[in-house]
Amino acid sequence: MTFHHHLQQLAIAAIASIAPPAAPDIYAVSFLIDAEDDDPRRPTLTIGYNTETQIRRTLHDTTHRSPDPAEARWNYAFWLQNELVVIGQPQQDPAGAATREQWIRDLGLWYDDPTAAQDWLTTVEPLAQQIETRFNTICCDAALALHTNGTIEKSLGRPVPVLVHELEYYEQIAQRTETANPPGLADEFTAWVRLG
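Residues numbered from 1 in each chain as written. Predicted model: local features only at pLDDT ≥ 70, side-chain atom pairs only at ≥ 80, totals over all residues. Heavy atoms only, no water.

### Observations regarding the overall build of the chain
Right, so step 1: The number of helices and strands found in the chain is eight helices and four strands.
Right, so step 2: Ordered by position in the sequence, the α and β elements of the chain form the string α-β-β-α-α-β-α-α-α-β-α-α.
Right, so step 3: In terms of C-alpha radius of gyration, the chain reaches 17 Å, essentially the compact-globule figure of 16 Å for 196 residues.
Right, so step 4: C-alpha extents for the chain along the principal axes are approximately 50 × 35 × 30 Å.
Right, so step 5: Counting every position in the chain, which comprises 196 residues, the buried fraction comes to 47%.
Right, so step 6: Considering only contacts in the chain between residues 6 or more positions apart, those separated by 24 or more positions represent 64%.
Right, so step 7: As presented, the chain carries roughly 9900 Å² of accessible surface, and 52% of it is formed by carbon and sulfur atoms. (Helix = DSSP H or I, 4+ residues; strand = E, 2+ residues; numbered from the N terminus. Rg over C-alpha atoms; globule rule 2.2 N^0.38 Å. Buried < 20%, exposed > 50% of the residue type's maximum accessible area, 1.4 Å probe, protein only. Contact = heavy atoms within 4.5 Å. Areas by Shrake-Rupley, 256 points an atom, 1.4 Å probe, with all protein chains shown as cover.)

### Things to note about the packing of helix H7 (residues 171-179) against helix H8 (residues 187-195)
Right, so step 1: Where H7 contacts H8, the axes come no closer than 9 Å and their chain directions differ by 170 degrees. Regarding the angle of H7 to H8, the classification is roughly antiparallel. Between H7, through Glu171, Ile173, Ala174, Gln175, Thr177 and Glu178, and H8, the contact on the second element is made entirely by Phe189, Thr190, Val193 and Arg194.
Right, so step 2: A breakdown of the residues in the contact of H7 with H8 according to their chemical character gives four nonpolar, three polar and three charged. (Axes fitted to C-alpha atoms, helices over the stretch in contact; angles between N-to-C directions. Parallel < 35°, antiparallel > 145°, perpendicular 65-115°, else oblique. Nonpolar A, V, L, I, M, F, W, Y, C, P; charged D, E, K, R; others polar.)

### Things to note about the pattern of salt bridges
Right, so step 1: Counted according to the given criterion, the structure contains ten salt bridges.
Right, so step 2: A salt bridge links Arg194 to Glu171, with the shortest nitrogen-to-oxygen separation between them at 2.9 Å. Of the two residues, Arg194 is situated in helix H8 and Glu171 in helix H7; the sequence distance between them amounts to 23 residues.
Right, so step 3: Taking relative accessible area as the criterion, Arg194 reaches 39% and is therefore assigned partly exposed.
Right, so step 4: A residue is classified by how much of its surface remains accessible, and Glu171, at 33% relative accessible area, is partly exposed.
Right, so step 5: Linked through salt bridges whose partners overlap, the residues forming this network are Asp39, Arg41 and Arg42. (Salt bridge = Lys/Arg side-chain N within 4 Å of Asp/Glu carboxyl O.)

Quick look at the structure:
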């Protein structure tokens, strides 16, 4: 099985696992892209979601600074941060971690740990950027597939945007999210990112 196929299958299973009572409260699905131990060769995808109930909790939490409603809705720092699955994480998804490494090797992008700063700048950084680009692309493809194959509508009862993001937000996050969803579905999120 290819890593792309593995990622898509786990994404489908994760969304399908959402309990029906929770579905009406969910307004967005999270595809959080990270890297295990900050190693670009080990990207991971954490799939989760947020709910209208969580927004209300955040806005009424008197123990912390209250964000504005848009920030409470779209800033992952205020989300449930649940983990339906963490794809590529060795303890939770050992098959995915092994398949991911093989995928990167097959692309010719695997590298050994650099021994000098110069090696990082001339050799490793360009490879790391290519890995990031390829991983982001397959995550966007998997998110869009959840729409086109009906998984999201079947599991959640309606179209819900998939946000393809990191912990920080910037223009490429908005662009990835637009690519990962049917036209217009994620406009509220992408407009918020671009205002930030």
